[in-house]
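Descriptive structure summary
Chain residues, written in single-letter form:
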Amino acid sequence: MKLNALVLYTTIALSVLSYPINAEENPHQHHMMAMQMDKSGMVMNENKDKLPKDCPKISEDVTIKVTTGTRFAEKYAGTVFGLDQHQWQVKPCSRVTVEFTNKDEIRHQWMIHGLPKYLYPQGMFHIELNGSGTKTGTFIVPNSHFTYLVHCDIAQHMEKGMKAQLKVGKGRGDLPSIPGISDPTFKDNW
Ligand SMILES: [Cu+2]
């Protein structure tokens, strides 16, 4: 193979390889999102006053204190990362303030999915801490009984223990693989 051809093929191969990597970088970044960010971390899609369509008013103000740290993983086999609690329950139409404390020196998130997309881009609200510290953010839940997934979206953190659920009203069952609450959908083979 001539050198020119080799260089050309290498260039094509590299650009094909690098394309999907770049495209998947920061999948949660979106220009429409409301983001408050500083050196310690961020709060995304905070909502303190816009009511979900099915809520005539805010039913109550609730503060959830959540602590994350590897120390909480000790009591659950197979986990590395932990939360002090893996389930919370609030009334429909609650205004929920999450006070998120990280005891680790690595990045963690408290991220909730499935909220109404007309209020929360991608149906998501989240708080992120780049290392140890505390950050607070607020969102309002809709008026129906539902179980929302809460997790940390950093690679492997959910699989290794950072999975939880927020039940609104009676909820709608338990999600699988919540430490201390539910079995995995598919059991490990070992
Ligand atoms: Cu994490």
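Up top you'll find the structure we're talking about.
Here goes a summary of the coordinates provided.

Calculation criteria
Residues numbered from 1 in each chain as written. Predicted model: local features only at pLDDT ≥ 70, side-chain atom pairs only at ≥ 80, totals over all residues. Pairing = 2+ DSSP bridges. Helix = DSSP H or I, 4+ residues; strand = E, 2+ residues; numbered from the N terminus. Axes fitted to C-alpha atoms, helices over the stretch in contact; angles between N-to-C directions. Core = buried A, V, L, I, M, F, W, Y, C linked by C-beta atoms within 7 Å. Buried ≥ 20, exposed ≤ 12 C-beta atoms within 10 Å, placed from the backbone. Contact = placed C-beta atoms within 7 Å.

Attention shifts here to the sheet that holds strand β3 (residues 61–68). The three strands are arranged β3-β5-β8 in an open sheet whose pairing can be described as mixed. Each edge of the sheet is formed by a strand with only one pairing partner; in this case those strands are β3 and β8 (133–140). The mean angle between the axes of side-by-side strands here comes to 20 degrees, regardless of whether they run parallel or antiparallel.

Of all hydrophobic cores here, the largest spans 30 residues; its most connected members are V98, F100, W110, I112, F125, F139 and V150. For this core, the elements supplying multiple residues, two or more each, are β2 (41–44), β5 (95–102), β6 (108–112), β7 (125–129), β8, β9 (146–151) and β10 (163–168). In this structure F139 touches E46, N47, V96, L115, Y120 and F125, once residues within four positions along its chain are discounted.

Before going further, it helps to spend a moment on the environment of K103. Residue position: K103 is located in the loop between β5 and β6. Residue classification places K103 among the partly exposed positions, given that 17 C-beta atoms sit within 10 Å. With 29 residues separating them along the chain, K103 and S132 place their C-alpha atoms 5.0 Å apart. Dropping the residues within four chain positions of it, K103 is found in contact with T67, T68, G69, R71 and S132.

All right, on to the environment of V150 then. Mapped onto the secondary structure, V150 falls in strand β9. Residue V150 is classed as buried on the basis of its 28 C-beta neighbours within 10 Å. The sequence separation of V150 and H113 amounts to 37 residues, and the corresponding C-alpha distance is 6.6 Å. Apart from the residues lying within four places of it in its own chain, the contact partners of V150 are W110, M111, I112, A164, Q165 and L166.

Attention now moves to unusual backbone geometry. One non-glycine residue, Q122, lies in the positive phi region at around 60 degrees. Its location among the elements puts Q122 in the loop between β6 and β7. For S177, which is not a glycine, the phi torsion comes out positive at approximately 60 degrees. Examined against the element boundaries, S177 turns out to sit in the segment after β10. The class for S177 is partly exposed, based on 15 C-beta atoms found within 10 Å.

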